[in-house]
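# Per-entry structural report
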Amino acid sequence: MTKPIVWVHGDCLSPNNPALQKYPDAPAIWVWDEALIEEWQLSLKRLAFIYECLLELPVVIRRGDVAQEILAFAQEHNANLIVTANSPSPRFDDICNQMQPSITVEVLEVEPFFDYDGYIDLKRFSRYWKVAQNYV
């Protein structure tokens, strides 16, 4: 019997997250990635925006090492599957690779907001939107 948890990450902070849609009753987790926050020097304003998004989602919020926190959450819920939305981030792949020896990770595709094959600087939403607005 499959017993999933849902991992929500920063590349799909939406109630339409395919993992939340597929498993609406599964426990869900968000982990503040302290290493990423420090590396990217995320502003308090950005962190507040993310937190406001999280308040609209059925997630437990933790902080620390992302893979370790997700694995601990899965163990607490006797889960045998972690379900999440895909991400283009190399960090995402690293986290999945850390967890996969211990548990199955199912990665669901996200329907793109618009079709575009070029480079977009994703560090700021305004840079993303500058490109996206021409396609939507």
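Residues numbered from 1 in each chain as written. Predicted model: local features only at pLDDT ≥ 70, side-chain atom pairs only at ≥ 80, totals over all residues. Heavy atoms only, no water.

## Details of the environment of Ser87
Tracing the backbone shows Ser87 in the loop between strand 4 (81-85) and helix 5 (90-99). Residue classification places Ser87 among the buried residues on the basis of a relative accessible area of 7%. The spatial distance from the C-alpha of Ser87 to the C-alpha of Leu108 is 9.5 Å, given a sequence separation of 21 residues. When residues no more than four places from it in sequence are discounted, the contact partners of Ser87 are His9, Asp11 and Phe92. In this structure the side chain of Ser87 is engaged in a polar contact, spanning 2.4 Å, whose partner is the side chain of Asp11. Here Ser89 takes part through its backbone nitrogen, which lies 3.1 Å from a polar atom of the side chain of Ser87. (Helix = DSSP H or I, 4+ residues; strand = E, 2+ residues; numbered from the N terminus. Buried < 20%, exposed > 50% of the residue type's maximum accessible area, 1.4 Å probe, protein only. Contact = heavy atoms within 4.5 Å. Polar contact = N/O pair within 3.5 Å; in protein donor to acceptor, adjacent residues only side chain to side chain.)

## Describing the pattern of salt bridges
Enumeration over the complete set of coordinates arrives at 6 salt bridges. Ionic pairing is found between Glu39 and Arg91, a salt bridge with its closest N-O pair at 3.5 Å. Remark: Arg91 occurs in helix 5 and Glu39 occurs in helix 2 (residues 34-40); sequence separation between them is 52 residues. You can call Arg91 partly exposed: its relative accessible area is 25%. The closest approach of N and O atoms between Arg62 and Glu76, which form a salt bridge, is 2.5 Å. Pair noted here: Arg62 is in strand 3 (residues 60-64) and Glu76 is in helix 4 (residues 66-76), with a separation of 14 residues, a long-range link. (Salt bridge = Lys/Arg side-chain N within 4 Å of Asp/Glu carboxyl O.)

## Considerations on unusual backbone geometry
For residues other than glycine, phi is negative in most cases, and the peptide bonds are mostly trans. Although it is not a glycine, Gln41 sits at a positive phi angle of roughly 55 degrees. The topology assignment puts Gln41 in the loop between helix 2 and helix 3 (44-54). Given a relative accessible area of 67%, Gln41 falls into the exposed group. Its identity as a non-glycine residue notwithstanding, Asn78 has a phi of 50 degrees, on the positive side.

## Considering the state of the cysteines
Evaluation of the coordinates by the stated rule reveals 0 disulfides. There is no disulfide at Cys53, and the cysteine sulfur nearest it, in Cys12, is 11 Å away. Here Cys53 falls in the buried class, since its relative accessible area comes to 18%. Cys96 takes part in no disulfide bond, and the closest cysteine sulfur, belonging to Cys12, lies 13 Å away. (Disulfide = S-S within 2.5 Å.)

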